[in-house]
Amino acid sequence: MNRPNDPWDALLGRYLAGQMNADDRRMLNERLRHDPAARRDFAEMLNVDSALAVAAAGTREERLARAIRNKRLTWIGATIATALILIFTLGWWVMQEDRAPFATVITSQGTEWSGPTAVRGKMQHIQTGAVGFQTATGNRVIVEGPATFRFTSAQELRLDHGRVLAMVSPEGKGFTVVTPAGKIVDHGTEFGVDVDADGSAEVQVYLGAVVITPKRQGSHRSLTKGEALTMPGDGSPPGAVTSGRRQFFTQPQTVQQLRNTMDQQAPVSAAPDTPSPRTAHGDFCNLGNGAGLPGIVYDFKQDPQKRDIPFDAESYFQKVKALGAAGFPTGEVQGYFQVPPLQRRFAYLAMPVEEADLAPWTLGAEQSMQPTGWVAHYSGVVTPPTSGEWRFVGYFDDALAVYINGHPVLDGSRDEMINAGEPRPDPTLRQPFGTQTVLNGKAYAGKWVALNGPTRIDIVVGERVGSQMGGLLMVENRRTAYNVRSDGSPILPPFVTRRLSTEDRAHIKAFSESRDGFQLEWQNLPVFRLDDSTPAPAATSSK
């Protein structure tokens, strides 16, 4: 207990004597709410007072008075105990809500999001559109409405209904989506989950792998990239593993735009041994701030309404060649699907060889297209850093071509494209460049071109069909002395169309020094300044 003459003792004395006024009651409540020692004192006082009352009880009147007093004390004690429990419970929930959130809203589209910007444990609802979250462990999650869901932790999402795209960071490996039909555990991946009103759940894996555990029947199932599986809502065993469907989300372009926005606003760092295709290979299709040569990606397998159209891989090179020779006329390309986002930028091309199936992720279009059968066309007016004779050198599996003022100056495709079938082929478009292997093929040098000011340039990069893609585009000035390799070929810089960031330069350096890349000049990088407002004069060429 407190020492004698303490105001706290006086307050307790007035409580026992039944002489408390409104101020006394307020002071008592405040002290009990905030002072653990006071709560112990108060409980001890009640016990002692009850014991004294028992000892003093000797007459019928005393026993009656004791019973009345004990009843009053019991009621008061129970009331205070209940109040304290409520106070502590409320305080606990307040402290819980004040703690770090499980996930934070990064962006949204097509919806009037009425929920909090930071979520922690509560059920949330989306009627239309989609909302993008980033968890405390670095995972990114897009929820497409209508949906009912809640984050039970930074590593677990309960999805009662709706569709989710989960992009898991290395730090967040093991992220789990719990559905009425079972749970899906990430093993380092990107995957989608679609839960219907009957509780059935379809899982589709875009990258990596997941492990699926049905709620009632069936053993663990593993899914890898490109595979899909449905868990019935009635508890029956899952169906067979199938190929993923193209139209997984009902609003694919909305989901894609959110995905690309989140890549720019909150990029996820990749593990060194599993680089993200978006961060490691997005340099020739930059989705960023409008810097670099503008371009459009065409999908030869779909019409503008995203309906499948016949695609002949054997005629792919002829089709790209014809479009390039005609300058990609509007009438010719209107029959193909233009892959969103339409605003793309070519900053530089230094892409290690990867699986061709990664093309949709490289292009920021995994919800809009399937791999292969696409071409990216970049076009604009650039001014060289110095006037003089320049030539382009490069390689891409499958297609790479450069045009100056509408005329081809380089064919760096894996197989001959521009000269194919020509009665008078131009050998200067595809000259041998050293003897070393470049990625999974050979680099080629184009013709020398005099660039003396603003010049129209077109660059074509594409994938026909196959298991791999990757390549690079370099530039050489005739008057510049470059370091050379053991085979005598010059070590050239990449062709660059904007001022590069520290991260860009680090990527080029890593590509140059990696055994999976190709040696480049990465310190002195000439920048071909973009100037779309200036008309392009004619260029002269020399062999």
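Reference entry: report on the structure contained in this document. (Residues numbered from 1 in each chain as written. Predicted model: local features only at pLDDT ≥ 70, side-chain atom pairs only at ≥ 80, totals over all residues. Heavy atoms only, no water.)

## Observations regarding the overall build of the protein
Right, so step 1: Helix and strand content of the protein: 10 helices and 29 strands.
Right, so step 2: Residues classed as buried in the protein amount to 50% of the 543 residues present.
Right, so step 3: Here the analysis covers contacts within the protein between residues at least 6 apart in sequence; of these, 62% occur between residues at least 24 apart. (Helix = DSSP H or I, 4+ residues; strand = E, 2+ residues; numbered from the N terminus. Buried < 20%, exposed > 50% of the residue type's maximum accessible area, 1.4 Å probe, protein only. Contact = heavy atoms within 4.5 Å.)

## A word on the side chain of threonine 213
Right, so step 1: Within the secondary structure, threonine 213 is located in strand β11 (residues 209–214).
Right, so step 2: By relative accessible area, threonine 213 is classed as buried at 18%.
Right, so step 3: A polar atom in the side chain of threonine 213 sits 2.7 Å from the side chain of histidine 220.
Right, so step 4: Setting aside chain neighbours within four positions, we find threonine 213 in contact with Gly182, Lys183, His220 and Met231. (Polar contact = N/O pair within 3.5 Å; in protein donor to acceptor, adjacent residues only side chain to side chain.)

## Examining the environment of valine 203
Right, so step 1: Position of valine 203 relative to the elements: it lies in strand β10 (residues 201–207).
Right, so step 2: Taking C-alpha positions, valine 203 is 9.7 Å from valine 164, a pair spaced 39 residues apart along the chain.
Right, so step 3: If sequence neighbours within four positions are ignored, valine 203 has contacts with Ile184, Gly192, Val210, Ile212, Leu223, Glu227, Ala228, Leu229 and Met231.

## Some points on the pattern of salt bridges
Right, so step 1: Summed over the entire model, instances satisfying the criterion amount to 16 salt bridges.
Right, so step 2: In this structure, aspartate 299 and lysine 301 form a salt bridge, with 2.7 Å as the shortest nitrogen-oxygen distance.
Right, so step 3: Since its relative accessible area comes to 0%, aspartate 299 is described here as buried.
Right, so step 4: Residue lysine 301 is classed as buried on the basis of its relative accessible area, which comes to 12%.
Right, so step 5: Here arginine 430 ties to aspartate 411 by a salt bridge, and the two come within 3.6 Å at their closest N and O atoms. (Salt bridge = Lys/Arg side-chain N within 4 Å of Asp/Glu carboxyl O.)

## So, the pairing of strand β5 (residues 140–153)
On any regular strand, side chains alternate: one points to one face of the sheet, the next to the other face.
Right, so step 1: Pairing between strand β3 (residues 124–126) and β5: 3 bridges, direction antiparallel. Paired with isoleucine 126 across the strands is alanine 147, a residue of β5.
Right, so step 2: Taken together, the 5 bridges between strand β4 (residues 130–135) and β5 define a ladder with antiparallel strand orientation. From the neighbouring strand, glutamine 134 faces β5, where its bridge partner is arginine 140.
Right, so step 3: With antiparallel pairing between neighbouring strands as the criterion, β4 and β5 make up a hairpin whose turn holds 4 residues, including glycine 138 at a positive phi of roughly 95°.
Right, so step 4: Note: β5 against strand β6 (residues 156–167), 10 bridges, orientation antiparallel. Bridged to isoleucine 142 within β6 is leucine 165.
Right, so step 5: Once β5 ends, the chain turns through 2 residues before running back antiparallel as β6. (Pairing = 2+ DSSP bridges.)

## Notes on the packing of aromatic side chains
For any two aromatic rings, the description comes down to two numbers: the centre-to-centre distance and the angle of the planes.
Right, so step 1: Applying the stated criterion to the full structure yields 13 aromatic pairs.
Right, so step 2: Judged by centre distance (5.1 Å) and plane angle (75°), the rings of tryptophan 390 and phenylalanine 528 are edge-to-face. Here tryptophan 390 is found in strand β20 (residues 388–397), whereas its partner phenylalanine 528 is found in the loop between α10 (502–513) and β28 (529–530), with 138 residues between them in sequence. Phenylalanine 528 shares its class with tryptophan 390; the two are buried.
Right, so step 3: Connected via pairs of aromatic rings, a cluster forms that spans Phe346, Tyr378, Trp390, Phe392, Phe495 and Phe528.
Right, so step 4: Above the plane of the ring of phenylalanine 300 lies lysine 319, whose end atom (NZ or CZ) is 4.9 Å from the centre. (Phe/Tyr/Trp six-rings, centres within 6.5 Å; stacked < 30°, edge-to-face > 60°. Lys NZ or Arg CZ within 6 Å of the ring centre and 35° of its normal.)

## Some details on helix α7 (residues 316–325)
Right, so step 1: For α7, the set of buried residues is Tyr316, Phe317, Val320, Lys321, Leu323 and Gly324. Projected down its long axis, α7 carries its buried residues within an arc of 165°, all on one side.
Right, so step 2: In this structure, the buried side of α7 is in contact with α8 (330–333), β19 (374–383), β21 (399–404) and β26 (455–463).
Right, so step 3: Downstream of α7 by one or two residues, glycine 327 has phi in the positive range, about 80°. (Arc of directions from axis to C-beta.)

## With respect to empty space enclosed by the protein
Right, so step 1: Within this structure, the stated rule accounts for 1 cavity of 30 Å³ or more.
Right, so step 2: The volume enclosed by the largest cavity comes to roughly 50 Å³.
Right, so step 3: Considering the residues around the largest cavity, the lining is formed by Pro180, Ala181, Pro214, Lys215, Arg216, Met231, Pro232, Gly233, Gly235, Ser236 and Pro238.
Right, so step 4: In terms of residue class, the lining of the largest cavity is made up of 6 nonpolar, 3 polar and 2 charged. (1 Å grid on protein atoms, 1.4 Å probe; cavity = no way out; pocket = protein on both sides within 12 Å on 5 of 7 lines; lining within 4 Å. Points joined across faces, edges and corners; volume = space filled by probe spheres on them. Nonpolar A, V, L, I, M, F, W, Y, C, P; charged D, E, K, R; others polar.)

## Focus: the nonpolar core
Right, so step 1: Phe392, Ile457, Ile459, Leu473 and Phe495 are the most contacted members of the largest nonpolar core, which has 46 residues in total.
Right, so step 2: Among the elements that line this core, the one with the most residues is β19, at 4 residues.
Right, so step 3: Once residues within four sequence positions are removed from consideration, leucine 473 is found in contact with Phe346, Leu349, Phe392, Val393, Gly394, Leu400, Val402, Leu410, Ile459, Pro494 and Phe495.
Right, so step 4: Grouped together as the second largest cluster of nonpolar side chains are 33 residues, Phe102, Leu159, Val210 and Leu229 included. (Core = buried A, V, L, I, M, F, W, Y, C linked by side-chain atoms within 4.5 Å.)

## Thoughts on the side chain of glutamate 463
Right, so step 1: Among the structural elements, glutamate 463 can be located in strand β26.
Right, so step 2: Discounting residues that sit within four places of it in the chain, glutamate 463 has contacts with Tyr316, Ala356, Thr372, Gly373, Trp374, Asp397, Asp398, Gln468 and Met469.

## Description of the pairing of β6
Right, so step 1: Bridge count between β6 and strand β7 (residues 176–179): 3 bridges; the pairing is parallel. Pairing of arginine 158 across the sheet is with valine 178, part of β7.
Right, so step 2: As defined by bridge partners, β6 adjoins strand β9 (residues 190–195) across 6 bridges and the pair is classed as antiparallel. Bridge pairing in β9 links leucine 165 to glycine 192.

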